[in-house]
Structures are given as structure tokens and as C-alpha cells.
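Chain by chain, the residues run as shown.
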Amino acid sequence: MLLETPMSAVIPSHPSVPRPNATIRARAVRCLRKNEDVNSLFKASPEMKLEAHEDSESLQSSSVDPEVKHSDIWRFFREAQQNIFFINKQRLLAMEELDKIKKENQLLLDRVEQLEMQKQAGVGKDKQSMCWELLHRIDSMVLTGMINKEEAHDFRGLVVNNKFSLSDVFSDIQQKKDSELLSEFRQFLNGSKRSGLQIVHICTEMEPLVSSGSLAPYVTGLSLALQKKGHLVEVILPKYASLILDEVQGLREIEAESFSYFNGQLHGNRIWTGIVYGIGVTFIEPSYYSSFFNRERLYGYSDDFERFSYFSRASLDYIVKSGKQPDTLHIHNWETAIVGPLFWEIFVKQGLADTRILLTCHSFDSQCLEQPGKLALCGLDPARLHRSDRLQDNAKTHLVNILKGGFVYSNKVVIVSSIGSKGRIIQGFNHGLEPTLATNKDKLLVCPSGVDTSIWDPSKDKLLPSNYSTKDMESKAVCKLALQQRLGLSAHASAIIVGCVFSDFSDINMVDLKEAVRHVSRKGIQFIFMGICEMANVSKALDSFREEVKVQDENLRFINKYDEALSHLIFAGSDIMLCQSFHDPVFQVPLKALKYGAAPIAITSDNNRLRYFADHDSETTKFARFISSTFLYMSLSQALDEIEHNPLKWKQMMMDCMAEDFSWDAECYDIHVSAYTAIKNL
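Model, not experiment: these values are computed from the prediction.

**Student:** Talk me through the overall build of the protein; I want residue IDs and the actual numbers.
**Tutor:** Counting secondary structure elements, the protein contains 25 helices and 17 strands. Counting every position in the protein, which comprises 682 residues, the buried fraction comes to 51%.

Shown next, in the form of C-alpha cells:
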């Protein structure tokens, strides 16, 4: 142990001036442990110990001159002091080294904590991806003959209903062989119970992979909403040459060829699997008919029926061969409507007795009329189906109507329309399918599309200069000011901004729009027009409109090139958003306007018919009822008058609009789950 003695107690006076009458005894100053060794930082040599001991004895036994004694003491003191200083220096170095180690350890702990937080933040996505990797491996096991369909069904139930715990157990699945995974599956199979719905979409579009209209965002938005609530959703798509494969996680080809019947022969298909936004996706690539999906456009070819009937048949063949037993096969528009007749005429007895069919129709414009004989290409009997109560077209009776076949052979049919009602749809705008719809009206449901609130939500929109919500509406004024500054408009907080984001001017009553703009421009209203598509016809329409509307430049801005960030700012900074129609499933201008606290005002020639059904038909969507009670009868001039004369009432109405939930998770989800559950119990 190191004994530290105060310096005043050990330092004598100068050797030349000894203290009178003082007897001085010198002791060897040592720093010893119990074993008589010096502290490990410094160890005295044996010679030093011996010399100090002998000097001490000589001082005690002999009579020495006091000056000599003082000199010896001073020498011993200096030596002891040097030892102490050396020990203290070593101790300080050791403490500095210890502090350095502690800091390094803390940095490591901080890094570990950071990585753990990142892991926790992405744990849902990782586990969901692992779940789909397991499901795809099960498909591979079935197709290669390792397991039978019954065992595959049990394994899928195990994964679906225990996916969060299984993802921890089945670690490093990409490094394991199918045989190793199979062994682990069988160990965990006992005691598993099935819950939740299993839905398989057979469709031709999906965001962000391939899109040409409202189908793509609908499939992705609904699928994500379903999976959030614990249901399992899979999407089967053609493997187009134009697919954006960069968006597919873990894309891999199943090492077993799947065969499908077409034109009297069996043809091979290459099967690819991957994950998009946490949704399992299967791609079917024809080996023989390789040109079917290797084209510039998705639709519009003379052999479209052959292309999509092949895909529909191949999808069903794959489902049966892989042993899938979904609760619902969800098909879309005429392109996969043939799945309905194929299922009930051929496949229902191939292990799919508990599966049901749901069809969604986004448009009646395209129904696919074909010669009856073409039905034989995919294995159907033309004579059996070319009947008025099945696929025969209601007007052109010598042809079959593929979309009609979907209506007849599906257990439920969902018409995707934000403002439509069952009565309005049956009585008109169905392009000759009125008798079919009337006969099958009990199957029909009307459902609105939804808005993606992960992208379009002012409370967390990263493209806005300031986020706002119903609890903090002041920040919306910040967005308005930023919009005015960016476009060079007069930065007046009291100025009313009317945003206009259009995809096409062909469906707009241009006479009414021009008159409305001219009328209100005298009040100093600021207008912003932007084309939502980078198309030449939209740019030309904007230029032509600008020439015809005589409005002062300081209050009018035209943006010919679409800008994603600016579009978000326009919704956030505007008080009013003009829209082509309240039914806008592709660009969803009314839904986004409501979410961002801007009034959607429609410039359309169809308002009168819409108003009639809104007043007389009770079977409408929640969105249609909300619009009917707020903005359906409101013109641009009326909206401006309300803002000017009743600002507090207007602000409250905008906050009420923002509080409404028109996302995919709301009404759209509820209607579909209700439909899935109803047909499951048939």
C-alpha cells in the first residue's frame, strides 16, 4: 500500500541549519506489499534495499556529525520522493489508459444500441420478408415433389399464423437446403392453428412494378391494408419484359417447371418469386409463348384474349400444382375474368373445393368480345358457355363477353367507384351489361378506392416545408407562403389559392372552367395549374388554356412539367383544389385535397346525374355520402364566398375533412373483408 506523507512533515530544514536538541532517526522509505515487494508499477532492486538497511543501522550505532546525518536524510528523502513521483506518474498513465478503454467501450455500446434500434425499426419488414421466403420455399418443395399438397397446406398455415415466432426459428433460411427446412417445418407443425384469410390476386398490374391505370394502386393498397390486419395476400402477375424488377426483393426462379394447358397442348412456364412492399409476388413467364408479355404496351393487341387467357389458365395450373388452397381467388377486370369459368368448370375439383371467387371491375369500357370458339384455347367448352345465362353477349349474341363471364361465375363482384351507387351502376354506364347486373345484383358491392397515407399525409409529408394536422393548422399557412414564394406569387396570407392538378383536359367542361376563372380572377384569386402527367397533349392544353383565359400574370401560374415535390406543396398550400371529377381512382385528387385541408371542387358535366342518385339511392359509399353533404353542390364561386364571409366555419369544415379516414385501411378494407368472409361461408 502506498503511504502518502505530507511534505511539511518529511522535508527537514536546510542541512546546514540543524534543529537544536533534536534526535534524528532515519528510516528507509519503502512502498511494500505483503510479500515485501514494491508496488507493481515500481520494484526496488535488492541492492537498494540492502544499502538502505545498512545505512540505517550505521546511523543508529555510530556517532556521526549532524551535518552528515542531515545530508544522508536528505539523500534518502530525494530517493523516496523520486520513487513516489515515478509511481504517481505510472498511476496517471494507467488511469489515462483506463479512461481511453472506457470511452472505446462506450462507443461500442452506443453503436450496438444504434444497430439494435435500426433492427427494431426494420424488424416488421424483415420478418415479413422471411415469412414470404419460407412460403416460396414451400412452393418449390411441392413443385419438385419433396412434399405433397396436403403437407404443403399445413406448412403454409404454420408460417402464416406463427410468422413472427417462426422468423426467429428459421434463421439463415437462404443458407439452408430444402431438406433442412423441411425437417424444421415438421418439428414445428404440431399444434398449429389456422386463422386469418388467405387471398390470391390473379391480376395484370401492381404498383410499383407495372401500371397503366387504377388497378395497380388498388391491388397494392388493398393488399397492404389486408396484411396489416393479419391476412395473407399473394399476387400472381405475368412476367412482363417491362417489369421494374429493381423493386422486387429476393427475386428467384423456382427450379421446377410448371406446365399449363393451352391450345390443346401442355406448355412449360418459368416461375419466379419475390417480395414487393412485404407482399409475396409470383411471376409467370411462358416458355413457348414468350412473346405474349414481351411487348411495349400492356394492352391493345389483337391477341389480348389469347395472352390473358393463357396467363389465367397458367395461374390456376400453378396454384393447383403448388398445393395452394386460398380462401379467395381475387380476379380483376376482363383480363382475368376468365378465371371464373375456368375455376368452376375445371379446377374446383382439383383440391380447391373450399376456394371462392371475387371479381373487381374498375371499368365497363373494355369487356373483350370474342368468337366462342376461342374459349377452347384454354380448355373451356364453347357450346356449354355460349348461352345467354353464361358468357353470351347481351347485344352481339354471336359473340361471348369475357367480362360478363366474370360476373356470372364469381361469388361476389366489387365495382370500384368512389361516388357510384348500385342503382346508378345497374341503370347506366355499364355498356350493355345492365341485364347481367340486374340478374346478379345480390352479388354486387360498390367500393371506393383509397389514398396511400404513407405518402399523402400532411402530418408526416417529408416534401413539405412544415408539417401540419388538425391539431396544428397554423403550419398550413407556412406551406402556403412557401408555395407563393416558389412560384413568384404575391405573398399575402389572406390571398386565396386555387390549385388545379389535371391529368387530361378532355373530360372537363372547358367553357365552364374558363368562365369560372375569368369571373373570380377579378377578386385577386391566385390560380396554379399543373399537368399531372408528362404528356405532350397536356402541355399543349395548358398553353392553349392560358392564351384563352385573360387573367393577369401576377395571379396565374402554369407548370407544364410535372414535379412530384411541387404537387405535394400545391395540395398543402391551396385553399381549393379543382378536379375533373369526384371519381378519380388513378390520381385521387379529391381524396388528397381532403387529406390536406383543401376543398375539392369538381368541374364536370356529370354533376346533375350524380346529384340525382346521391339524393335517391341509399346504397352508396361513405365517401359519396360525405361529398354529397359537403362539396357536391358547391361551385367555385360559392366556395370562395364561404371562405370570405364565413372563415371560421370554413376552417372547421376543412378540419373535419382532414379528420375523415379515406385511406385503403378504412372503407375499402372493410368492404372487402366483409365480402371475403361472406363467400367463404357459402
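**Student:** With reference to specific residues and values, describe the pairing of strand 17 (residues 599–602).
**Tutor:** Covered by surrounding structure in strand 17 are Ala599 and Ile601 together with Pro600 and Ala602, the residues of both alternating faces. With 4 bridges joining them, strand 16 (residues 576–579) and strand 17 adopt parallel strand pairing. Paired with Cys579 across the strands is Ala602, a residue of strand 17. For the segment spanning strand 16, helix 20 (residues 589–595) and strand 17, crossover handedness is right-handed.

**Student:** Tell me what's going on with the packing of aromatic side chains, and back it up with residues and numbers.
**Tutor:** In this description, a pair of aromatic rings is defined by centroid distance and the angle of the planes. Per the counting criterion, the structure on display carries 23 aromatic pairs. A ring pair is formed by Phe571 and Tyr596, whose centres lie 6.3 Å apart and whose planes are at 50°; its orientation type is tilted. With Phe571 in helix 19 (residues 564–573) and Tyr596 in the loop between helix 20 and strand 17, this residue pair connects regions lying 25 residues apart in the sequence. Owing to a relative accessible area of 0%, Tyr596 belongs among the buried residues under this scheme. Aromatic ring contacts, followed pair by pair, group Tyr240, Phe262, Tyr288, Tyr289, Phe292, Phe293, Tyr299, Phe308, Tyr310, Phe311 and Trp334 into a single cluster. The lysine or arginine in question, Arg295, covers the ring of Tyr301, its NZ or CZ lying 4.9 Å from the ring centre. Taking the ring centre of Tyr301 as reference, the NZ or CZ of Arg297 above it sits at 4.2 Å.

**Student:** Tell me about the pairing of strand 13 (residues 497–502), residues and numbers included.
**Tutor:** Among the 6 residues of strand 13, 6 are classified as buried, and the element is accordingly described as predominantly covered. Here strand 13 shows no split at all, with Ile497, Gly499 and Val501 on one side and Val498, Cys500 and Phe502 on the other all buried. Bridge count for strand 13 against strand 14 (residues 526–531) is 6 bridges, and the pairing is parallel. Within strand 14, the residue paired with Ile497 across the bridge is Gln526. Sheet topology places strand 13 next to strand 16; 3 bridges connect them, and they run parallel. Across the sheet, the residue bridging to Gly499 is Met577, located in strand 16.

**Student:** Describe unusual backbone geometry, and please don't skip the residues or the numbers.
**Tutor:** The peptide bond linking Glu207 to Pro208 adopts the cis configuration, its omega dihedral lying at 0°. On the secondary structure map, Pro208 appears in the loop between strand 1 (198–202) and helix 8 (215–228). The phi angle at Tyr277 is positive, at roughly 55°, despite the residue not being glycine. Mapped onto the fold, Tyr277 is located in the loop between strand 5 (265–276) and strand 6 (279–286). Of note in this structure, Gln588 is not a glycine but carries a positive phi near 55°. Here Gln588 lies in the loop between strand 16 and helix 20. Among the residues examined, Gln588 registers a relative accessible area of 7% and is labelled buried.

Conventions and cut-offs
- Residues numbered from 1 in each chain as written.
- Predicted model: local features only at pLDDT ≥ 70, side-chain atom pairs only at ≥ 80, totals over all residues.
- Heavy atoms only, no water.
- Helix = DSSP H or I, 4+ residues; strand = E, 2+ residues; numbered from the N terminus.
- Buried < 20%, exposed > 50% of the residue type's maximum accessible area, 1.4 Å probe, protein only.
- Pairing = 2+ DSSP bridges.
- Right-handed = clockwise from strand over helix to strand, strands pointing away.
- Phe/Tyr/Trp six-rings, centres within 6.5 Å; stacked < 30°, edge-to-face > 60°.
- Lys NZ or Arg CZ within 6 Å of the ring centre and 35° of its normal.

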